[in-house]
Amino acid sequence: MMISEALAGLLNQQIVQEFRASQVYLGMSVYCTGLNLDGWTGFFERQSQEEREHALKIVRFLSEAGAPVSIEAVPGAATRYGSLLEAVSKSLEYERKVSDSFRIMAKVAQEHHDHTGYGFLQWFLGEQIEEENIFARLEAVLESSLNPFQAETLPPKE
Ligand SMILES: [Fe+2]
Ligand SMILES: [Fe+2]
């Protein structure tokens, strides 16, 4: 195994968290469809797809590094929210937790002098800045007096 056992364990736990985020965002896309907010549906569908890609990135890395990989059950996700703002605020909260997890993993990798694992984590730390920024901006627009259609003009991601 080319990475530390400690980091391999945490990355395995993160796989399920990425799939969970994928489910949550898919549920949010369904909620937005019910509100006839097609732009938001597309946005959350793309977020869902991205989270799946994050999971795959970890799965491939673990395999290539010769570490054990476990694919655990993923919980179901809500398709109803009190408001679009609630969905976006929950997304931001979740992304912040994910950022914390990656920072903890980076610390563990450093403690184990796991340079390979530490290097792998850098991409995710950068990605999390982007993710938190998108949801923080959307939340700010929704909390303002602008309407959600105007919020669609924010370029969340192509
Ligand atoms: Fe992710
Ligand atoms: Fe994310």
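Residues numbered from 1 in each chain as written. Chains lettered and ligands numbered in written order. Predicted model: local features only at pLDDT ≥ 70, side-chain atom pairs only at ≥ 80, totals over all residues. Heavy atoms only, no water.

Student: What exactly am I supposed to notice about the coordination of the iron ion (ligand 1) here?
Tutor: By definition of the ideal shapes, a tetrahedral metal site with four donors has angles of 109.5 degrees and an octahedral site with six donors has angles of 90 or 180 degrees. Those donors, E18 (OE), E51 (OE) and H54 (ND1), are the protein atoms that reach the iron ion (ligand 1), and they lie 2.1 Å from it. Site description for the iron ion (ligand 1): donor spacing in sequence, E-x32-E-x2-H. The two metals, the iron ion (ligand 1) and the iron ion (ligand 2), are separated by 3.3 Å and share E51 as a common coordinating residue. Of this pair, E51 and H54 both sit in helix 2 (residues 38–64), separated by 3 residues, roughly a single helical turn. The exposure classification of E51 matches that of H54, with both residues buried. (Donors = N, O, S within 2.8 Å, 3.2 Å for Na, K, Ca; no water. Helix = DSSP H or I, 4+ residues; strand = E, 2+ residues; numbered from the N terminus. Buried < 20%, exposed > 50% of the residue type's maximum accessible area, 1.4 Å probe, protein only.)

Student: Where do I start with the packing of aromatic side chains in this structure?
Tutor: In this description, a pair of aromatic rings is defined by centroid distance and the angle of the planes. Counted under the stated rule, the structure contains 12 aromatic pairs. Ring centres of F44 and F135 lie 6.3 Å apart, and the angle between their planes is 25 degrees; this geometry places the pair in the stacked category. Remark: F135 occurs in helix 4 (residues 115–143) and F44 occurs in helix 2; sequence separation between them is 91 residues. On the basis of relative accessibility, which here comes to 0%, the residue F135 falls in the buried class. Between F102 and F124, the aromatic rings sit 4.6 Å apart at their centres with planes inclined by 10 degrees, giving stacked as the arrangement. (Phe/Tyr/Trp six-rings, centres within 6.5 Å; stacked < 30°, edge-to-face > 60°.)

Student: Would you explain the coordination of the iron ion (ligand 2) in this entry?
Tutor: In the first shell of the iron ion (ligand 2), the protein supplies E51 (OE), E95 (OE), E95 (OE) and E131 (OE), at 1.9 to 2.4 Å from the metal. Each of the 4 donor atoms bound to the iron ion (ligand 2) contributes to angles spanning 56 to 147 degrees, and the resulting shape is irregular. (Tetrahedral: all angles 85-135°; square planar, octahedral: opposite > 155°, others 65-115°.)

Student: Is there a simple way to think about the pattern of salt bridges in this case?
Tutor: Where charged atoms of side chains with opposite charge meet at close range, the side chains can pair. Scanning all chains against the criterion turns up 4 salt bridges. We note a salt bridge from E132 to R96, for which the minimum N-O separation is 3.8 Å. Remark: R96 occurs in helix 3 (residues 84–111) and E132 occurs in helix 4; sequence separation between them is 36 residues. By relative accessible area, E132 is classed as partly exposed at 21%. (Salt bridge = Lys/Arg side-chain N within 4 Å of Asp/Glu carboxyl O.)

Student: What exactly am I supposed to notice about the nonpolar core here?
Tutor: The nonpolar side chains of soluble globular proteins are, as a tendency, buried together. Counting residues in each nonpolar core, the largest one holds 40 residues, and the members touching the most others are L11, W40, F44 and L121. Looking at this core, the elements that each hand over two or more residues are helix 1 (5–34), helix 2, helix 3 and helix 4. Ignoring sequence-local partners within four residues, the contact set of L11 consists of I3, I58, F61, L62, M105, F120 and L121. (Core = buried A, V, L, I, M, F, W, Y, C linked by side-chain atoms within 4.5 Å. Contact = heavy atoms within 4.5 Å.)

Student: What exactly am I supposed to notice about the side chain of H54 here?
Tutor: On the basis of relative accessible area, H54 is assigned to the buried category, the value being 3%. Within the structure, H54 has its side chain in polar contact with the side chain of E127 (distance 3.3 Å). Sequence-distant contacts of H54, defined by excluding residues within four places in its chain, comprise E18, W123, F124, E127 and E131. (Polar contact = N/O pair within 3.5 Å; in protein donor to acceptor, adjacent residues only side chain to side chain.)

Student: I would appreciate a short explanation of helix 1 in the present structure.
Tutor: One turn of the α-helix equals 3.6 residues, which is why residues spaced by three or four share an orientation. Over its 30 residues, helix 1 runs 45 Å from end to end, which matches the ideal 44 Å to within 8%, given 1.5 Å per residue. Taken from the residues just after helix 1, N36 is the one with a positive phi, measuring 60 degrees. (Expected span 1.5 Å × (residues − 1).)

The quantities given are spatial measurements derived from coordinates; they are silent on function.
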